[in-house]
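In case you want the letters, here they are:
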Amino acid sequence: MRSTEDGTLNEVDENAVETALQLKEAAQAADPDSGHEVVALTMGPSIAVDAARRAMQMGADRGVHVCDDDLAGADYAVTAAALAAAIRTEAPVDAVVTGMAALDGLGSVIGSLLAAELGWPQLSVARSVSWADGVITAHRGVDGVSETWQAATPAVVSVTDVTNSPRLARMKEILAAKAKPVRTLSAADLGLTTEELTSRTAVRSATRRPEPDPEIIFDDGTGGAKLAEYLIAHDLLAKENS
Amino acid sequence: MTGVLVPLGSDAAAGLRPATREVLTLARDLGEVTALAHTTPTADLLAELGSYGVTRVLTTPLPEPASAAAVAAQAVVSAVTEVSCAVVLFTSSFTTKEIAAHTAHRLGAGLLIDVGGVHLDGGRLVGGKRAFGGTWETVCEVRTEVAVATVTPNAVMARPAPQPTVPELRDLPAEIEVPPRLELLERTVADHSGDTRPSLAEAAIVVSGGRGTFGDFEPVEELADALGAAVGTTRDCVEEGWLPPEAMVGQTGTTVAPRVYIGAGISGAPHHIGGMAGAGTVVAVNIDDEAPLVQLADFAVIGDLSSVLADAVEALREHGG
Ligand SMILES: Cc1cc2nc3c(=O)[nH]c(=O)nc-3n(C[C@H](O)[C@H](O)[C@H](O)COP(=O)(O)OP(=O)(O)OC[C@H]3O[C@@H](n4cnc5c(N)ncnc54)[C@H](O)[C@@H]3O)c2cc1C
Ligand SMILES: Nc1ncnc2c1ncn2[C@@H]1O[C@H](COP(=O)(O)O)[C@@H](O)[C@H]1O
């Protein structure tokens, strides 16, 4: 899961944690001795550990925090390589669950890259997820196509904000989460090579856009006409794409 | 000359979509363009590709499950190797972002997602993108020999080539491994042939209504139709059952980057803004002048959306004659 700037959990990652908890519960219901665990994995600066804490408050059993100055500014490829290496240290893993898109960058690519890194099947943008006998079934509807996919574990699953309703942490679990262990891993611990640590893309420049300075009209009965005038005056009616 | 590959995906079957024409326009400015199809292109499609300056069309069938990103990506990788392309350009969608990720992984290529334009600088692909809810403009470069990028719709105006080409047609031999342990149980493709409005993801103008419509989308739809626009909405309205999930714009909905985005009765939550911050011009209609979408807009009308939008439609009709 990914943390936001203030160290809280990216909200759709709460759905990912919920899915992981439900998968564990389904496996446990089928076999009480299966010994499944939910591990919260996050990569980011020291504050990112808060995201793992938040997941543990929801019920994750422990945390893994990938944290290294060499990973600051990691692009998609480096992020995926580091997360995949961390997942390998936890083998055997049945499922990796991610959110469909992080709020900041909206890449929606980490799930695909993890599937590619691990060589696992991928069930993405899942609107519903279920588990039976080591097989995960997921339904998705994107770009006007509705699909039902099935994958035998291990698999990578990405979920949306409507996949489930994340459970609220109860006081008992908030207290218990403080005692749950978090393993911190550096790039060296993960055995990442120089090549894997080298971003393939770089930000050349980042400029703050000028503060928006909206032209605000209070409707006195002519607001609609002024809206139309604005579009016409700025030549915004052209329909060259239709 | 730089080789540029444009995968057509399922587009090849139905004729080129506007977003694909835009990407072909960008690709032609970068170098020599090869298109990749999975069914033999019709004469019409070839002529259209030729009018956009495509010099070569590779065709390779995909094994089932053809809609798995890992399968489609392998065909793209084969094409890149076959004609040694340095740049792969996709139109941006959920589906293509996944294929682009798998492609970049296999090629060891740098990946740019949702860029609003690309150019080459010293042989490197450079792309611009808005980040953090549209408050920052970033320029990113790819440092690997091969670059993979997805381009948002409406990034450029589609322009046919000054000199049409006659694309060379070639079968692409591709060995594609099917991903392990994966099975497609069911697939249905929505029939959009009867649609009177452009698709939300690609429309040049989007008119969205939020909770402030109180479920009455008639004014929103009328304005959309007067402008030839697509209709969008917020998650709250989808949850209310007012519009289907396909109409949702935002972090967990569709990302749009139209020339004009008109949001009526929408507060402008970060989740919503994240999905429309790439818009060229933003217009807001809201009773609350403090609403975040009003603050972010270029132009805003403070008032009741039902009368404001209806008046706007009337003014547009008068203008259009
Ligand atoms: C994980 C997660 C993901 C999410 N993803 C998305 C997403 O992808 N897309 C999305 O949209 N939301 C998303 N949301 C929800 C988001 O946080 C907001 O709740 C939602 O966008 C608000 O919708 P709204 O603007 O329609 O409603 P509100 O916030 O209730 O705003 C209604 C607005 O209408 C105005 N209004 C009221 N009456 C009138 C009138 N008569 N005329 C004009 N204006 C009027 C009000 O002043 C107000 O500004 C997500 C939330 C979470 C937690
Ligand atoms: N640094 C990170 N640490 C852990 N998980 C991440 C990280 N970045 C992305 N993810 C996961 O990948 C999902 C999609 O992110 P993105 O591809 O960046 O939009 C997020 O919702 C997270 O579940």
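These lines cover the structure that appears in this document, whether it is placed above or below. (Residues numbered from 1 in each chain as written. Chains lettered and ligands numbered in written order. Predicted model: local features only at pLDDT ≥ 70, side-chain atom pairs only at ≥ 80, totals over all residues. Heavy atoms only, no water.)

### Considering the overall build of chain A
When its secondary structure is counted, chain A shows seven helices and eleven strands. Seen through its principal axes, chain A has C-alpha atoms that stretch 70 × 40 × 40 Å. A total of 242 residues make up chain A; the buried ones form 47% of that total. Nonlocal contacts in chain A, meaning residues at least 24 apart in sequence, comprise 68% of its contacts between residues at least 6 apart. Carbon and sulfur atoms form 52% of the exposed surface of chain A, whose accessible area is close to 11,100 Å². Looking at charge distribution, chain A has the averaged site of its 20 positive side-chain charges lying 4 Å from that of its 36 negative ones. (Helix = DSSP H or I, 4+ residues; strand = E, 2+ residues; numbered from the N terminus. Buried < 20%, exposed > 50% of the residue type's maximum accessible area, 1.4 Å probe, protein only. Contact = heavy atoms within 4.5 Å. Areas by Shrake-Rupley, 256 points an atom, 1.4 Å probe, with all protein chains shown as cover. Lys, Arg positive; Asp, Glu negative; His and termini not counted. Charge placed at Lys NZ, Arg CZ, Asp CG, Glu CD.)

### Examining the site of ligand 1
Neighbouring ligand 1 are 27 residues, the closest being R211, T234, S267, N286 and D304 of chain B. At ligand 1, the nearby residues belong to more than one chain, namely chains A and B. Between R211 of chain B and ligand 1, the recorded distance is 2.7 Å, taken from a backbone N or O atom to an oxygen atom. Residue S267 of chain B places a side-chain N or O atom 2.6 Å away from an oxygen atom belonging to ligand 1. (Near = heavy atom within 4 Å. Polar contact = N/O pair within 3.5 Å; in protein donor to acceptor, adjacent residues only side chain to side chain.)

### Here's the deal with the sheet that holds strand 9 (residues 147-151) of chain B
Pairing between sheet strands relies on hydrogen bonds along the backbone, with the strands arranged either parallel or antiparallel. Residue and element names in this part refer to chain B. Overall, parallel pairing links the seven strands, which are arranged 5-9-4-1-2-3-10 in an open sheet. Of all the strands in the sheet, just strand 5 (110-115) and strand 10 (168-171) have a single pairing partner and so form its edges. This sheet shows a mean twist of 20° between the axes of neighbouring strands, independent of strand direction. The strands that helix 2 (residues 18-30) touches are strand 1 (3-7), strand 2 (32-37), strand 4 (87-91) and strand 9; relative to strand 4, the one it contacts most, it runs at about 160°. (Pairing = 2+ DSSP bridges. Axes fitted to C-alpha atoms, helices over the stretch in contact; angles between N-to-C directions.)

### What to know about the packing of helix 4 (residues 69-82) of chain B against helix 5 (residues 94-107) of chain B
Residues and elements named next belong to chain B. Here helix 4 crosses helix 5 at 50°, and the two axes come no closer than 8 Å. By the criterion of interaxial angle, the relationship of helix 4 to helix 5 is oblique. Handedness of the crossing formed by helix 4 with helix 5: right-handed. Residue-level inspection shows A69, A70, A72, A73, Q74, V76, V77 and V80 of helix 4 in contact with helix 5, the latter providing E98, I99, H102, T103, R106 and L107. (Parallel < 35°, antiparallel > 145°, perpendicular 65-115°, else oblique. Left-handed = near helix turned anticlockwise from the far one by under 90°.)

### Digging into the interface of chain A and chain B
Of the residues lining the interface, 78 residues belong to chain A; the matching set on chain B comes to 90 residues. Joining chain A to chain B, the criterion identifies six salt bridges. The salt bridge partner of R140 of chain A is E98 of chain B, with a shortest N-O separation of 3.3 Å. Connecting chain A to chain B are 35 residue pairs in polar contact (both at pLDDT 80 or more). Among the elements of the structure, helix 1 (11-30), helix 4 (110-118), strand 4 (122-126), strand 6 (135-142), strand 7 (145-152), strand 10 (201-208), strand 11 (215-218) and helix 7 (223-233) of chain A are those that each provide at least two residues to the side of chain A that touches chain B. Ranked by residue count, the leading element in the side of chain A that touches chain B is helix 7 of chain A, at nine residues. The residue makeup of the side of chain A that touches chain B, split by class, is 38 nonpolar, 21 polar and 19 charged. (Salt bridge = Lys/Arg side-chain N within 4 Å of Asp/Glu carboxyl O. Nonpolar A, V, L, I, M, F, W, Y, C, P; charged D, E, K, R; others polar.)

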